[in-house]
Amino acid sequence: MKKHYWYIFFALIISLFIYVFYRTDKTLINQVVIHLTSFKTYNGLKSSINAALPLNKYIIYSLPEGLWVFCITLTSKEFYFNLYQKRINCVFIPLVFAIGLELMQLFHLTNGRFDFFDICISLLFWFIAAKIIDTKQNFENLFHSLNRNNIICISSYAIVYFAHVIR
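Residues numbered from 1 in each chain as written. Predicted model: local features only at pLDDT ≥ 70, side-chain atom pairs only at ≥ 80, totals over all residues. Heavy atoms only, no water.

**Q** It is not clear to me how the state of the cysteines should be interpreted in this structure. Could you clarify?
**A** Note on terminology: a disulfide is the covalent bond linking the sulfur atoms of two cysteines. Tallying each qualifying case throughout the model produces 0 disulfides. Not part of a disulfide, cysteine 90 finds its nearest cysteine sulfur in cysteine 153, a span of 6.0 Å. The buried category is assigned to cysteine 90, whose relative accessible area is 1%. Between cysteine 120, a free cysteine, and cysteine 71, which holds the nearest cysteine sulfur, the sulfur-to-sulfur gap is 20 Å. (Disulfide = S-S within 2.5 Å. Buried < 20%, exposed > 50% of the residue type's maximum accessible area, 1.4 Å probe, protein only.)

So, in structure tokens, the structure goes:
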């Protein structure tokens with residue numbers, strides 16, 4: 001297993017912990033947890049963890065997005081795709097995704113609140129993943145063939161759906 005996959009795993013676990021125990025129970029991932037346990041069990045555990053480990057609102061609301069950008073940047077940086085005869089490096093897609101989601105929140109096209117701080121955190125984590133952590137880049141076309149690396153890359157984008165708030 002590639003070394004950077006461990007970074008991804010731990011970042012996703014931290015994000016999952018924050019989402020499950022500190023964010024609204026209306027997110028899809030929390031609805032899954034409630035379905036697997038019960039609302040009473042989930043709520044009791046959530047209350048206990050919140051009391052034992054109170055977190056700052058920036059950690060609760062901005063860190064998970066930064067960690068997600070970190071993960072998708074690491075999974076994307078070895079890929080490219082062709083668009084209108086141009087080769088697009090996938091390392092930039094996480095920035096477009098994160099800033100695009102914030103702008104969609106600003107214009108009330110999706111659930112959530114626009115937060116400039118979220119953009120700053122996303123930029124910081126993108127920079128760490130894109131520039132500091134070396135993945136021994138061997139660029140390949142994301143859609144050329146199906147293998148473990150591009151499945152992990154595409155799946156890392158799909159994970160954001162679990163953070164979606166259900167109305």
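**Q** Can you walk me through the environment of phenylalanine 70 in this structure?
**A** Structurally, phenylalanine 70 can be placed in helix H5 (residues 63-76). We classify phenylalanine 70 as buried; its relative accessible area is 8%. Each C-alpha atom, one on phenylalanine 70 and one on serine 122, is 7.7 Å from the other, the two residues being 52 residues apart in sequence. (Helix = DSSP H or I, 4+ residues; strand = E, 2+ residues; numbered from the N terminus.)

**Q** How should I be thinking about unusual backbone geometry in this particular structure?
**A** Trans peptide bonds make up the majority, and among non-glycine residues the majority have a negative phi. The backbone phi angle of glutamine 85 is positive, close to 65°, even though this residue is not glycine. Secondary-structure assignment places glutamine 85 in the loop between strand E1 (79-83) and strand E2 (86-89). Even without a glycine there, the phi angle at histidine 108 is positive, about 55°. Take histidine 108: it is sitting in the loop between helix H6 (93-106) and helix H7 (116-132).

**Q** Looking at this structure, I do not really get the pairing of E1. What am I missing?
**A** The side chains of a regular strand alternate, residue by residue, between the two faces of the sheet. With 2 bridges connecting them, E1 and strand E3 (residues 140-141) associate as parallel partners. Directly across from phenylalanine 79, in E3, lies its bridge partner glutamate 140. Hairpin connection between E1 and E2: a loop of 2 residues separates the two successive antiparallel strands, and tyrosine 84 in this loop has a positive phi of roughly 50°. (Pairing = 2+ DSSP bridges.)

**Q** Explanation requested: the side chain of glutamate 102 in the structure shown.
**A** As for its placement among the helices and strands, glutamate 102 is situated in helix H6. Of the side chains with opposite charge, arginine 113 lies nearest to the buried glutamate 102, which makes no salt bridge, at 8.4 Å. Excluding anything up to four places from it in sequence, glutamate 102 contacts Glu65, Arg113, Phe114, Asp115, Asp118 and Ile119. (Lys, Arg positive; Asp, Glu negative; His and termini not counted. Salt bridge = Lys/Arg side-chain N within 4 Å of Asp/Glu carboxyl O. Contact = heavy atoms within 4.5 Å.)

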